[in-house]
Amino acid sequence: MKAVVGFMVILLGVSHGVGTYCDGRQDGAQCYGALGGTVDIQLMDSTSEIPRYQLLKNSLKILYVREKMILSNTIKHRSVFFPSNGTFRINNLSRTDSGNYTFQTFDSNGRSSGERTLGLFFQAPVSSVLLVSECLSQGEMRVSCSSEGGDSPQYSWTLDGRTLTDAELLPGNIKTNIITLKQHVSGHLVCSVENLVSKVSKEQRISTCGFIFINCTSVNGTQVSGWVYEANNTLCIESTSEPTTTTQTAVGNLPLISGVLSTLIIFLVVVGTAICAQRKKQNSKAKEEENDQEEIFADLRVVKRQAKQLEKRAELEFGQVKYSKRPRQTEPTGDDCLYVNVHKFR
């Protein structure tokens, strides 16, 4: 945890161009800084209660203070000590400044009263990153990530914001600076290079190398399965003339075909029912009209037969009236009216 805290602090210092802060009051603390930069080491809260103290690097005395007086400072040309807050600043850091430091305190009689250790490590920061990609003979893509500067660089890769998976990489270590992507991989590829004092990333949009995966029968009848360059693909028969492909297509579309046939059958049944009902209605109407005509003709025949009977009766009665002994004036009877009416009807 201490190492992580120191790492985060040094990153802030490099980003903003200010010195790095290191808390040396904790025993065993580790701090990191960039070469050429500055580090402020907090050795104590106050020097007022400590009569004597010294800072050693690998058993070599660097700083010695007694009664608030600096008696020795071997790197005084690029360092300064602040007794008011117990901070020791080192400027223009070099690789020789890295190492293990020991801070010792003493009482007024020169007896040891305390000791703490501190680890300081300084590295050259990563300055820039370069990505180079190339297509291989089988459609894979090899991508290399190189950095300028930087001590002990560590590499990591992401694709579209996530870590690459085994399904996208050929066997290899994703932590290396060279990876090989499988034929179908595309997207935003990012290579990140970092060490204890810096982190730099480079992004590149990658696409496939133009290869496609085929699984079919070649023109000579051989089963072919693998990755081929799409523009030069002459191994397979077109899917339109491939019996297996056609069968698979028909089977795949079976639900759609069944739905269309079902709809067509329902439509035909509805139309047939409507036509039968219309014809039945027309036949029924024609039959009713025919029955009405027969009833009318039958009524006319009956009326005509009754009219003939009335006519005969009227003639008979008229003959009797004609030969009567005493002719007399008579009013027309109902039968006479009927006779006239019958003749008019006829």
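This one's a predicted model, so the numbers in the text were calculated from it and none came from an experiment.

Cut-offs and rules
- Residues numbered from 1 in each chain as written.
- Predicted model: local features only at pLDDT ≥ 70, side-chain atom pairs only at ≥ 80, totals over all residues.
- Heavy atoms only, no water.
- Helix = DSSP H or I, 4+ residues; strand = E, 2+ residues; numbered from the N terminus.
- Buried < 20%, exposed > 50% of the residue type's maximum accessible area, 1.4 Å probe, protein only.
- Contact = heavy atoms within 4.5 Å.
- Areas by Shrake-Rupley, 256 points an atom, 1.4 Å probe, with all protein chains shown as cover.
- 1 Å grid on protein atoms, 1.4 Å probe; cavity = no way out; pocket = protein on both sides within 12 Å on 5 of 7 lines; lining within 4 Å.
- Points joined across faces, edges and corners; volume = space filled by probe spheres on them.
- Nonpolar A, V, L, I, M, F, W, Y, C, P; charged D, E, K, R; others polar.
- Salt bridge = Lys/Arg side-chain N within 4 Å of Asp/Glu carboxyl O.
- Pairing = 2+ DSSP bridges.
- Core = buried A, V, L, I, M, F, W, Y, C linked by side-chain atoms within 4.5 Å.
- Polar contact = N/O pair within 3.5 Å; in protein donor to acceptor, adjacent residues only side chain to side chain.
- Axes fitted to C-alpha atoms, helices over the stretch in contact; angles between N-to-C directions.
- pLDDT = per-residue confidence, 0-100.
- Disulfide = S-S within 2.5 Å.

1. Some details on the overall build of the chain
Helices and strands together make up the secondary structure of the chain, namely four helices and 19 strands. Within the chain, the proportion of its 346 residues that are buried is 29%. Nonlocal contacts in the chain, meaning residues at least 24 apart in sequence, comprise 50% of its contacts between residues at least 6 apart. When the accessible surface of the chain is split by element, carbon and sulfur atoms take 55% of a total near 23000 Å².

2. Some points on empty space enclosed by the protein
All chains considered together, the criterion is met by one cavity of 30 Å³ or more. Of the pockets and cavities examined, the largest cavity occupies roughly 40 Å³. Lining the largest cavity are Gly24, Leu43, Leu55, Tyr101, Thr102, Phe103, Arg116, Thr117 and Leu118. Secondary structure elements with two or more residues in the lining of the largest cavity: strand 9 (99-106) and strand 10 (112-123). Residue classes in the lining of the largest cavity are distributed as five nonpolar, three polar and one charged.

3. What to know about the pattern of salt bridges
Within the structure shown, the criterion is met by eight salt bridges. Of the charged contacts in the structure, one is a salt bridge between Asp23 and Arg25, with a shortest N-O distance of 2.9 Å. Overlapping salt bridges bring together Asp23, Arg25 and Asp45 as one network.

4. Side note on the pairing of strand 13 (residues 154-159)
The side-chain alternation of strand 13 yields one buried face, formed by Tyr155, Trp157 and Leu159, and one unburied face, formed by Gln154, Ser156 and Thr158. In this structure, strand 13 lies alongside strand 14 (residues 162-163), joined through two bridges in antiparallel fashion. Across the sheet, residue Thr158 finds its bridge partner in strand 14, namely Thr163. Hairpin connection from strand 13 to strand 14: two residues lie between these consecutive antiparallel strands, with Asp160 at a positive phi of about 55°.

5. Examining the nonpolar core
Counting residues in each nonpolar core, the largest one holds 22 residues, and the members touching the most others are Leu43, Phe88, Leu118 and Leu120. Listing elements by their share of this core, those giving two or more residues are strand 2 (29-34), strand 3 (39-42), strand 4 (52-57), strand 5 (60-66), strand 8 (87-90), strand 9 and strand 10. Not counting residues within four places of it along the chain, the set of residues in contact with Leu120 comprises Cys22, Cys31, Ile41, Asp97, Ser98, Gly99 and Tyr101. In this structure, Tyr155, Leu169, Leu189 and Cys191 belong to the second largest nonpolar core, which totals 21 residues.

6. Observations regarding unusual backbone geometry
Look at Ser59: it is not a glycine, yet its phi comes out positive at around 75°. Looking at where Ser59 falls in the secondary structure, it is placed in the loop between strand 4 and strand 5. On the basis of relative accessible area, Ser59 is assigned to the exposed category, the value being 68%. The phi torsion at Asn92 lies on the positive side, around 50°, for a residue other than glycine.

7. Some thoughts on the environment of Ser94
Tracing the backbone through its elements, the reader meets Ser94 in the loop between strand 8 and strand 9. According to the relative accessible area criterion, Ser94 is partly exposed, its value standing at 24%. The sequence separation of Ser94 and Phe121 amounts to 27 residues, and the corresponding C-alpha distance is 9.8 Å. If sequence neighbours within four positions are ignored, Ser94 has contacts with Leu35, Arg78 and Phe122. A distance of 2.8 Å separates polar atoms of two side chains, one belonging to Ser94 and the other to Thr96.

8. Things to note about the sheet that holds strand 15 (residues 178-181)
Hydrogen bonds between backbone atoms are what pair the strands of a sheet, whose relative direction is either parallel or antiparallel. Pairing in this open sheet of three strands is antiparallel, and the strands run 11-12-15 from one edge to the other. Because the sheet does not close on itself, it has two edges, and the strands there are strand 11 (126-135) and strand 15. Direction aside, the axes of adjacent strands within the sheet are offset by 20° on average. In this sheet, strand 15 lies alongside strand 12 (residues 141-149) in antiparallel orientation, the contact comprising four bridges. Counterpart to Ser144 in the pairing with strand 15 is Ile178.

9. Section: the confidence of the model for the chain
The predicted coordinates of low-pLDDT regions are not to be read in fine detail. On average, residues of the chain carry a pLDDT of 76, and 69% of them reach 70 or more. Within the chain, the lowest mean pLDDT, 35, falls on helix 1 (residues 2-16), and the highest, 95, falls on strand 16 (residues 187-194). Confidence drops under pLDDT 50 across residues 1-18; counting only partners more than four residues distant or on other chains, this segment forms 29 contacts. Across residues 321-346, where pLDDT falls below 50, the model places eleven contacts with residues more than four positions away in sequence or in other chains.

10. A closer look at the state of the cysteines
One pass over the structure, following the stated rule, counts three disulfides. Each sulfur of the disulfide joining Cys135 and Cys209 lies 2.0 Å from the other. Classification of the bridge connecting Cys135 and Cys209 rests on its S-S torsion, roughly -90°, and on that basis the disulfide is left-handed. With Cys135 in strand 11 and Cys209 in the loop between strand 17 (199-206) and strand 18 (211-217), this residue pair connects regions lying 74 residues apart in the sequence. Residue class for Cys135 comes out partly exposed when judged on its relative accessible area of 46%. Across a sulfur-sulfur distance of 2.0 Å, Cys145 and Cys191 are joined as a disulfide pair. Here the S-S torsion is close to -90°, and the disulfide linking Cys145 with Cys191 is therefore left-handed.

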